[in-house]
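What follows is the residue order along each chain.
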Amino acid sequence: MSTFAEILLNGVSLGSVYALIALGFVVIFRATEVVNFAHASLLLAGGYVTATLHDDLGFWPALLVGIAGAAVVGAAVEFLVMRRYRGSDHSVLAIVTIGVDILLTTELTRRMGTDVLPLGDPWGDAVLKVGPISLAHTRIAAFVAAALLITAFLLVFRYTSWGVAMRAAAESAETAALMGVRLGRVSLGAWAVAGGLAAVAALFLTVFPTPGLERATSLAALKAFPAAILGGLDSTTGALVGGLLVGITESLATGYQSDLTFLGRGLGDLAPYLVMVVILLIRPAGLFGTKELARV
């Protein structure tokens, strides 16, 4: 029972980090109706800035610069690239984000080489023990940070003018524009917020028990993509629930891998996608996604 509780708690912590990444997907989709496949490179950019500056600035200033840097990169992608394609088909814009991701990821991995970069976090490999249950301090910090950031985002999304503008744009971009909503600013803010959230997620994906930031770290964004899809790409609540589902599923599949050898190795990496397929078979729009209605 203690093993199950430990795996479950680790899954909730990991899921909260996935929820941050999934929230980035959802924010951009709600603002622009574009699926952002460049999100992985934003995550890698934020982690890289933090990793390269923590020796000179200290951890917390470096983290703030990393968050700001990822937000600036996201805003720059929107302003310099995506805005030039405004009005194009959404599938074309999604393909453009794939190209952006390839360019950014290639440059960042070229700079990193084969090195594994520590981010200089203050938690190290410390572990909290409560009876038979052991939980790394990094997992606790991940859950607390994600809970605070998600709560802050939801409050801003609901009670600020930017949040109102984003919700209006998500309902009907044309109507929102006619009512005076600056769609360009909404889109720019969405990309910046997504970049900042990705930078925080990069931190908690590269601290203990993982060795640090490496070229494959950006692949974690691909695990958060099923979370956004199964929750519903236009639902912030869905991103949170989807992130937790994916994190818990991955943690359970990895933790009980030895008992599931008949299903093959690497089940933990495959489990999020299996959950996504099962849920989409039942609810094609996701758990909280808006169903599209069409008159025929």
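Residues numbered from 1 in each chain as written. Predicted model: local features only at pLDDT ≥ 70, side-chain atom pairs only at ≥ 80, totals over all residues. Heavy atoms only, no water.

(A) Up close: the overall build of the protein chain. Summing up its helical and strand segments, the protein chain has eleven helices and two strands in all. Helices and strands appear in the protein chain in the N-to-C order α-α-α-α-β-β-α-α-α-α-α-α-α. Relative to its length of 296 residues, the protein chain is compact, with a C-alpha radius of gyration of 19 Å against a globular reference of 19 Å. If one aligns the C-alpha atoms of the protein chain with their principal axes, the spans along those axes are about 60 × 50 × 35 Å. Split into buried and exposed, the 296 residues of the protein chain put 47% on the buried side. Within the protein chain, residue pairs in contact and separated by at least 24 positions form 76% of the contacts whose partners lie at least 6 positions apart. Working note: accessible area of the protein chain is about 14600 Å², and carbon and sulfur atoms make up 66% of it. Each charge sign in the protein chain was given a centre, from 18 positive and 19 negative side chains, and these centres are 8 Å apart. (Helix = DSSP H or I, 4+ residues; strand = E, 2+ residues; numbered from the N terminus. Rg over C-alpha atoms; globule rule 2.2 N^0.38 Å. Buried < 20%, exposed > 50% of the residue type's maximum accessible area, 1.4 Å probe, protein only. Contact = heavy atoms within 4.5 Å. Areas by Shrake-Rupley, 256 points an atom, 1.4 Å probe, with all protein chains shown as cover. Lys, Arg positive; Asp, Glu negative; His and termini not counted. Charge placed at Lys NZ, Arg CZ, Asp CG, Glu CD.)

(B) Representation of the side chain of Thr138 in the model. Mapped onto the secondary structure, Thr138 falls in helix α5 (residues 137-159). The class for Thr138 is buried, based on a relative accessible area of 1%. Engagement of the side chain of Thr138 in a polar contact is seen with the backbone oxygen of Phe208, the distance being 2.6 Å. When neighbours within four sequence positions are excluded, Thr138 is seen to be in contact with Asp121, Trp123, Gly124, Phe204, Val207 and Phe208. (Polar contact = N/O pair within 3.5 Å; in protein donor to acceptor, adjacent residues only side chain to side chain.)

(C) Just the side chain of His54, in detail. Summarising the element assignment, His54 is placed in helix α2 (residues 39-57). Classification of His54 as buried rests on a relative accessible area of 13%. For His54, the side chain forms a polar contact with the side chain of Asp55, separated by 3.4 Å.

(D) How the structure looks around a nonpolar patch on the surface. Together, Phe37, Ile95, Ile98 and Ile102 make up a nonpolar patch on the protein surface, roughly 370 Å² of accessible area in all. Tracing the chain through its elements places Phe37 in the loop between α1 (2-32) and α2. Judged by relative accessible area, Phe37 falls into the partly exposed class, the value being 34%. (Patch = residues over 30% accessible without salt bridge, like charges linked within 9 Å, V, L, I, M, F, W, Y side chains within 5 Å. Salt bridge = Lys/Arg side-chain N within 4 Å of Asp/Glu carboxyl O.)

(E) Helix α11 (residues 267-282), seen in detail. The end-to-end C-alpha distance of α11, which contains 16 residues, comes to 22 Å, matching closely the 22 Å that a straight helix rising 1.5 Å per residue would cover. Listed as buried for α11 are Leu267, Gly268, Ala271, Pro272, Val275, Met276 and Ile279. On its buried side, α11 packs onto α9 (220-231) and α10 (236-255). (Expected span 1.5 Å × (residues − 1).)

(F) The arrangement of the layout of surface pockets in detail. By volume, the largest pocket is sized at about 640 Å³. Together, 29 residues line the largest pocket, and Leu14, Arg139, Thr210, Lys223 and Glu250 are the ones closest to its centre. Only α1, α8 (183-206), α9, α10 and α11 provide two or more residues apiece to the lining of the largest pocket. The element best represented in the lining of the largest pocket is α1, accounting for seven residues. When the residues that make up the lining of the largest pocket are grouped by side-chain class, the tally is twelve nonpolar, eleven polar and six charged. (1 Å grid on protein atoms, 1.4 Å probe; cavity = no way out; pocket = protein on both sides within 12 Å on 5 of 7 lines; lining within 4 Å. Points joined across faces, edges and corners; volume = space filled by probe spheres on them. Nonpolar A, V, L, I, M, F, W, Y, C, P; charged D, E, K, R; others polar.)

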